[in-house]
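Each chain is listed here by its residues.
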Amino acid sequence: MIEKFKKINPRTMISHLIITLAYPAARGFTTKPNGLTVFTDALTIIGLVLIIGGIIYSFILKGDLDISSFTFRRGLRHTDPEKPLDFGKYERDRRDQRERSFNYPLFLGILYIIVSLILAYVVI
């Protein structure tokens, strides 16, 4: 479990935080009455969307869509009939890339849901 959190790149995490918190923060600051309620509502919606995206991304990280991706890329980019593409090499490259990856959308979605629950329970 701790090994997965060691894969977090702080630069990528900060950019994901800035992008995903921009809408809830803007909605919270521009709404005069009940700004915190609007912020928690927007944060909950963004969190749920990120969780759905994170679940789909976890399928990609597990390798469930490798053959579909390989077939699609082969159809788009393969022009030389004399040189066949190798799925084994493609799968090894993808596995190496997946081992270095971290599921930022799922992590941030769960974090945002927890924060919005705490804000809704304690502050509001």
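A brief structural summary. If you're wondering where the values come from, they're calculated on a predicted model, not measured in any experiment. (Residues numbered from 1 in each chain as written. Predicted model: local features only at pLDDT ≥ 70, side-chain atom pairs only at ≥ 80, totals over all residues. Heavy atoms only, no water.)

### Here's the deal with the overall build of the chain
Selection criterion: Secondary structure follows DSSP: runs of H or I at least 4 residues long count as helices, runs of E at least 2 residues long count as strands, and numbering of each begins at the N terminus. Only heavy atoms matter for contacts: two residues are in contact if any of them lie within 4.5 Å across the pair. Per-residue accessibility takes into account occlusion by the displayed protein chains alone, with areas from the Shrake-Rupley method and a 1.4 Å probe.
The helix and strand tally for the chain stands at six helices and zero strands. Ordering the α and β elements of the chain from the N terminus gives α-α-α-α-α-α. Taking all contacts inside the chain whose residues are at least 6 apart in sequence as the whole, residues at least 24 apart take part in 75%. With an accessible surface of roughly 9100 Å², the chain has 66% of that area assigned to carbon and sulfur atoms.

### Some words on the packing of helix α2 (residues 10–30) against helix α3 (residues 35–62)
If you want to describe how two helices pack, look at the angle between their axes and the distance between the axes. Let me state the cut-off plainly: Angular values range over 0 to 180 degrees, each being the angle between N-to-C directions of two axes fitted as lines to C-alpha atoms, with helices fitted over their stretch in contact. Working rule for angles: under 35 degrees goes down as roughly parallel, over 145 as roughly antiparallel, 65 to 115 as roughly perpendicular, anything else as oblique. The handedness criterion is simple: a crossing whose near helix is rotated anticlockwise from the far helix by less than a right angle is left-handed, and one whose near helix is rotated clockwise is right-handed. Each residue is assigned to one class: nonpolar for Ala, Val, Leu, Ile, Met, Phe, Trp, Tyr, Cys and Pro, charged for Asp, Glu, Lys and Arg, and polar for all the others, Gly among them.
Look at α2 against α3: their axes get within 7 Å of each other, and the N-to-C directions meet at 160°. Considering the angle they form, α2 stands roughly antiparallel to α3. Two packed elements cross with a definite hand, and for α2 against α3 that hand is right-handed. For the pair formed by α2 and α3, the contact residues are T20, L21, Y23, P24, A25, R27 and G28 on the first element and G35, V38, F39, A42, L43, I46 and L50 on the second. Residue classes in the contact of α2 with α3 are distributed as ten nonpolar, three polar and one charged.

### Let's talk about the packing of aromatic side chains
Quick reminder of the rule: Aromatic pairs are defined between Phe, Tyr and Trp rings, using the six-membered ring for Trp, whenever the two ring centres lie within 6.5 Å; interplanar angles under 30 degrees are classed as stacked, those over 60 as edge-to-face, and all others as tilted. Exposure classes here rest on a 1.4 Å probe applied to the protein chains alone. A residue is buried below 20% of its type maximum, exposed above 50%, and partly exposed in between.
Overall, the coordinates contain two aromatic pairs when judged by the stated rule. Seen in terms of ring centroids, F102 and Y104 are 5.1 Å apart; in terms of plane orientation they differ by 75°. Their pairing is edge-to-face. You can call F102 buried: its relative accessible area is 11%. On the basis of relative accessibility, which here comes to 9%, the residue Y104 falls in the buried class. Taking 5.8 Å as the distance between ring centres and 65° as the angle between the ring planes, the aromatic pair formed by F102 and F107 counts as edge-to-face.

### Quick notes on unusual backbone geometry
One non-glycine residue, N34, lies in positive phi territory at about 60°. Among the residues examined, N34 registers a relative accessible area of 58% and is labelled exposed.

### Regarding the environment of H16
Relative to the assigned elements, H16 resides in helix α2. Of the residues examined, H16 reaches a relative accessible area of 27% and is grouped as partly exposed. With residues up to four places along the chain from it excluded, the contact list for H16 reads Y104, L108 and Y112.

### Focus on the side chain of N103
Tracing the chain through its elements places N103 in the loop between α5 (87–99) and α6 (104–123). Residue N103 is classed as buried on the basis of its relative accessible area of 12%. Every residue in contact with N103, bar those within four places of it in the chain, is listed here: G54, Y57, S58 and L61.

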